[in-house]
Amino acid sequence: MSNYRFIAICLWIVIFQCVGLAPHAAAVEIHADSTVRVLKSASELDYPPFALVRPDRSADGFSVELLRAVARTMGVPVEINVGPWPEIKQKLARGDLDLLPLVSYSRQRDEVFDFSVPYLRMHGTIFVRKGETAIRSEADLKGKEVIVMRGDTAHEYVLRKKLSDKLVLTDNFSDAMIMLSEGKHDAVVIQQLVGLQLIKKLGITNLSDVAPYHGESLKPIGKPLEDFEQKFCIAVHEGDHDLLALLNEGLSIVFADGTYDKLYAKWFGPILPRPPVPLREILKSVLLVLVPVVFLLAAIGFFYMKREVANKTRSLKQEVLERAAAVHKLRESQTHLESVFRAAPTGIGVTVERRIREANSRLCEMVGYAKSELIDQSARILYPDDEEFKRVGSEKYSQIRRNGTGTVETRWQHKDGRILDILLSSTPFDLDDLSKGVTFTALDITHRKRAEELLQLTQFAIDHAFEAIFWHGPDARLIYVNDAACNSLGYDRDELLSMTVHDIDPEFPPEAWPAHWEELQRRGSFLIESKHRRKDGRAIPVEIRVNYIKYDGQEYNQSFVRDITSRKKVEEERLNLERQIQQAQKLESLGMLAGGIAHDFNNILMTILGNADIALQDMSHYSPVRDNIREIEVAARRAAELSRQMLAYSGKGKFVIEPIKINELVVEMGHMLEVTISKKAVLKFNYADNLPEFDGDATQIRQVIMNLIMNASEAIGDRSGVVAISTGAMHCDRQYLHTTNIASQVGLEQQLPEGVYIYFEVADTGCGMTGETQEKLFDPFFTTKFTGRGLGMAAVLGIVRGHNGTIKIYSELGKGTTIKVLFPATAVKGDQPDRKMECRTTKTPDICGSGTVLIADDEASVCAVGKLMLERIGFKVLTAADGAEAVEVFRQHTDEIVCVLLDLTMPRLNGEQVFSELRRINPQVSVILSSGYNEYDATQRFSGKGLAGFIQKPYNSATLTAKIKHVMLMGIAESDCPSDNDSGGR
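Nothing here was measured: the structure is a model prediction, and the numbers come from that model.

Draft legend 1. Just the overall build of the protein chain, in detail. Secondary structure summary: the protein chain contains 31 helices and 37 strands in total. Out of the 986 residues belonging to the protein chain, those deemed buried represent 43%. The contacts in the protein chain between residues at least 6 apart in sequence include a share of 65% that link residues at least 24 apart. On the protein chain, roughly 52600 Å² of surface is accessible, and the fraction owed to carbon and sulfur atoms is 54%.

Draft legend 2. Main features of the pattern of salt bridges. The tally for this structure, following the rule as stated, stands at 46 salt bridges. Residues Asp421 and Arg450 are paired through a salt bridge, measuring 2.8 Å at the closest nitrogen-oxygen approach. Pair noted here: Asp421 is in strand β19 (residues 419–428) and Arg450 is in helix α14 (residues 446–463), with a separation of 29 residues, a long-range link. Looking at Asp421, the relative accessible area reads 11%, which means it is buried. The exposure class assigned to Arg450 is partly exposed, which follows from its relative accessible area of 40%. Here Arg493 makes a salt bridge to Asp463, at a shortest N to O gap of 3.4 Å. Taken together, the residues Arg493 in helix α16 (residues 493–497) and Asp463 in helix α14 connect sequence positions 30 residues apart. Residue classification places Asp463 among the buried positions, given a relative accessible area of 14%.

Draft legend 3. The pairing of strand β9 (residues 145–149), seen in detail. In terms of burial, β9 is largely enclosed, as four of its five residues are buried. The pairing of β9 with strand β10 (residues 166–170) spans five bridges and is parallel. Bridge pairing in β10 links Met149 to Thr170. As a crossover connection, the stretch from β9 through helix α5 (residues 153–161) into β10 is right-handed. Bridge count for β9 against strand β11 (residues 187–191) is two bridges, and the pairing is parallel. Its bridge partner being in β11, Ile147 is matched across the sheet by Val188.

Draft legend 4. Here's a closer look at the nonpolar core. By size, the foremost hydrophobic cluster in this structure holds 78 residues, and its most contacted members are Phe50, Phe62, Tyr119, Leu120, Phe173, Met177 and Val189. Looking at this core element by element, the count peaks at eight residues for helix α2 (residues 62–74). Non-local contacts of Phe62, meaning those with residues more than four positions away in its chain, are made with Pro49, Phe50, Tyr119, Leu120, Tyr260, Leu263, Tyr264, Trp267 and Phe268. Core analysis: the next-biggest nonpolar cluster, separate from the first, contains 38 residues, Phe694, Val704, Ile716 and Val762 among them.

Draft legend 5. Expanded view of a nonpolar patch on the surface. Taken together, Ile604, Ile608 and Ile632 make up a surface patch of nonpolar side chains, about 250 Å² in accessible area. Tracing the backbone shows Ile632 in helix α20 (residues 626–649).

Draft legend 6. Quick look at the confidence of the model for the protein chain. Averaged over every residue, the pLDDT of the protein chain is 79; residues scoring 70 or more account for 78%. Contacts for the low-pLDDT stretch residues 214–220, under 50 throughout, to residues beyond four places or in other chains number 19 contacts. Across residues 742–749 the pLDDT falls below 50, and counting only partners more than four positions away or on other chains, this stretch makes 25 contacts in the model.

Draft legend 7. Layout of the pairing of strand β1 (residues 39–43). Of all five residues that make up β1, four are buried, and the element is covered over most of its length. Pairing geometry for β1 and strand β5 (residues 78–82), over five bridges, is parallel. When the bridges of β5 are listed, Leu39 appears paired with Val78.

Draft legend 8. Region of the structure containing the environment of Ile419. Within the secondary structure layout, Ile419 lies in strand β19. Taking the C-alpha atoms as reference, Ile419 lies 10.0 Å from Leu382; in sequence the two are 37 residues apart. Look past the residues within four positions of Ile419 in its chain and what remains in contact with it is Pro384, Arg411, Trp412, Gln413 and Arg450.

Draft legend 9. Examining the sheet that holds strand β16 (residues 347–352) more closely. A sheet is described by the order of its strands in space; here five strands give the open sequence β17-β16-β20-β19-β18, paired in antiparallel fashion. Only two strands of the sheet have a single neighbouring strand rather than two, namely β17 (355–359) and β18 (406–413). Across this sheet, the average inter-strand angle for adjacent strands is 35 degrees, counted without regard to direction. Examined bridge by bridge, β16 and β17 share four bridges and lie antiparallel to one another. Across the sheet, the residue bridging to Val352 is Arg355, located in β17. On top of the sheet, α14 reaches β18, β19 and β20 (438–444); it is set at about 120 degrees to β19, its chief contact.

Draft legend 10. Summary view of the packing of aromatic side chains. With the rule as written, the count across this model stands at 21 aromatic pairs. Summarising the aromatic geometry, the rings of Phe62 and Tyr119 are spaced 6.3 Å apart at their centres and angled 50 degrees between planes, so their arrangement reads as tilted. With Phe62 in helix α2 and Tyr119 in the loop between β7 (113–115) and β8 (120–129), the pair connects residues that are 57 residues apart, well separated along the chain. Since its relative accessible area comes to 3%, Tyr119 is described here as buried. Among the aromatic residues, ring-to-ring pairing joins Phe62, Tyr119, Phe255, Tyr260 and Tyr264 into one connected group.

Conventions adopted
Residues numbered from 1 in each chain as written. Predicted model: local features only at pLDDT ≥ 70, side-chain atom pairs only at ≥ 80, totals over all residues. Heavy atoms only, no water. Helix = DSSP H or I, 4+ residues; strand = E, 2+ residues; numbered from the N terminus. Buried < 20%, exposed > 50% of the residue type's maximum accessible area, 1.4 Å probe, protein only. Contact = heavy atoms within 4.5 Å. Areas by Shrake-Rupley, 256 points an atom, 1.4 Å probe, with all protein chains shown as cover. Salt bridge = Lys/Arg side-chain N within 4 Å of Asp/Glu carboxyl O. Pairing = 2+ DSSP bridges. Right-handed = clockwise from strand over helix to strand, strands pointing away. Core = buried A, V, L, I, M, F, W, Y, C linked by side-chain atoms within 4.5 Å. Patch = residues over 30% accessible without salt bridge, like charges linked within 9 Å, V, L, I, M, F, W, Y side chains within 5 Å. pLDDT = per-residue confidence, 0-100. Axes fitted to C-alpha atoms, helices over the stretch in contact; angles between N-to-C directions. Phe/Tyr/Trp six-rings, centres within 6.5 Å; stacked < 30°, edge-to-face > 60°.

Below, the structure written as structure tokens:
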């Protein structure tokens, strides 16, 4: 309705009253209801023009004035405070408020509140900076930074429709519009009327609505947000039907009597654009006004006197009735007030000039004083100290002067000394004269304060808990996370609270969630392992303790989440170590077996080779069986070579230790390597300069190089390819040495030292190896060919282990293999002259056949063969079958024995023990150690003890004769040199 029509209708009503067409006022009904309660309500801080705060902190705005008009119409008082929207909404839900205006209706909220009839419908829209053309509808918000007010229906709408995953939350829409105006973020989703008000209020000129505005219907013509239509109502507690009926009746009245239109014009008129009024409508409205005005002027004079008389009469009657009603109501109110004062569960009192004039029984019970002890006492008696008494007085009276009431939290002291937390509210009898006194209420909130402190402590403890804690509901949306959860995933709390379980746990997609929630309801609590995706995209393994909770009719899951990355790493390292232990034990067991077999095998071969050698010496060159004996000798030597490979595999295969220059060794083998590899393979050499030496057996190192080169050539096969051998030196730390291939570990009992290592590397462009092949690479007789070729890589590993080295393998199927063999570099030492080399032999007598030789060996066949060999060159031979017998025989023939051929392993006394006994009996005795093991391993325990020499089984007559002659000659030479008790030789 236009203003002209409104004026015209008002004038016609006045005319009808003047001419008596309106009924006379009925007698005033005296109705006094002293029990009407004060309704508690609240309003938002900043939601213009619906709700705003005046400079004196009181509530104002369209919804606030409408609520006051409804309350005034229905004759009920209402108290309206102000606060942030999420807080006052929670207060209504808890029951701290009776009603709340400006609540948008939704099905979710209808489960918590009851709603009045809608008194305003609003539509949502999108505000952008002027010139922005990329955003015209809600579909354009995908991937944009959208600003909304936290807890507002716009916030709920954006989340429900999933319009954007980049939400920016503010406490009010003023901040949102300012941020957008300053160029921050992309758009604001807001109710259109609110947006227009804020633009005008804040003086913003660079923002515009994406849809034109239709002033008559309050709807955006383009409707950029299809389903965003709000029905604003007054919300009350669910089930409070009496209050709801009262509000609906009041709204009907203010709609009918024009109050609603006046408030609408007052608050929305300055905002909404007014469409131009047609000339026809103007003329019609003018006529509507002029006609009743003329008629009114004529009627006023006619009925003036009559109305005055009637008014006076009614006035007198009304005054009499009102006085009688006032007296009755005053008496009734006093009775009710005294009843309430006595029975109130809250402490109530009256003070004048801060002296207690009245106190109810609950107040006396609260502080422990009798009423007679409080009346006419200063209120200071209730406070623990002067400072608190002064603070409360100053703050309370300041609030009263400013707002008409004062509410302060304070501390009172009970008569027995206990301190109470009190919520004190005061209202003056006369706001203009505070000296007349104030009425106060005191609520004991000690338990509530303790509960709040405990709640805060609990909240603090949860937020600072070591483990990540997540709360979510049946819809998988996160509703709470603590600091540890934010830190573990790299998100801030607001980001996480806008996400779901599906966003952070890829193992629980939406389609699997219902089954998981059902399992959670059924089991209640259980432990699972999963993976969480951090903000940086990295997935981390986690252990989750899930706990199903049902509280106040709502279902929740509380999850305690622990990052188990370190534990998984430890478990992986443990499994790796177990595999290493198993591999090392296997290698150690096989090595011991191979070494033992090789030792015993050499004793057997000793008998075969020795007898074959003696037979050949005694046999005619024309004997027909000579060739057969030769074949026996060749076969036995091949068997001896296999025995040496077994010793190499066991790590006891070093025979001649000397400084090795790896470059010279490879150059020396170059021609042989080139003719060995496939014709289609190209051999390349890469040498590093100035490499240190390392100690080793050159023959065995050659065997390793040859083996690796042949394997590389066979990996290339019939295709063209490259085999490259490189040399170099590098410093190896503990971690590098520890992470070598599992199968190439030297052994758990032996930790390779850090330092400089010499290496040679064989790389090919062949077929490469699978992980399974690499695991079995060093197993004895393992091969990828159709037929095996001996110990192969197992012997290579044994040689490397025997030299305190290690192997690293790099291989990828179809891309080739690189094997790097590392040996510890030899430390540089000063030259130490060999004193024995300074002695010159002065005589070299022929020792053939002179003296007696003792052979000590537990193998009878070895003793027999050795005896035959020595007797053939003129020695007298004594034999002993074990260590104790050898010592006894030597003791009996000490003067005639010139040399002892001593086995290393014998029963009763071993070789080392026998050697010690022989040296004790005769320190000058010449002892040649004999063993199936190699010289390096067999003679380590004899270093520096004067061992004359070493001979490895199996040996023939020529080898034994040469060794005996060498030892005898050295003995003669040493007898002519200065004695040195500490020197010894092998």
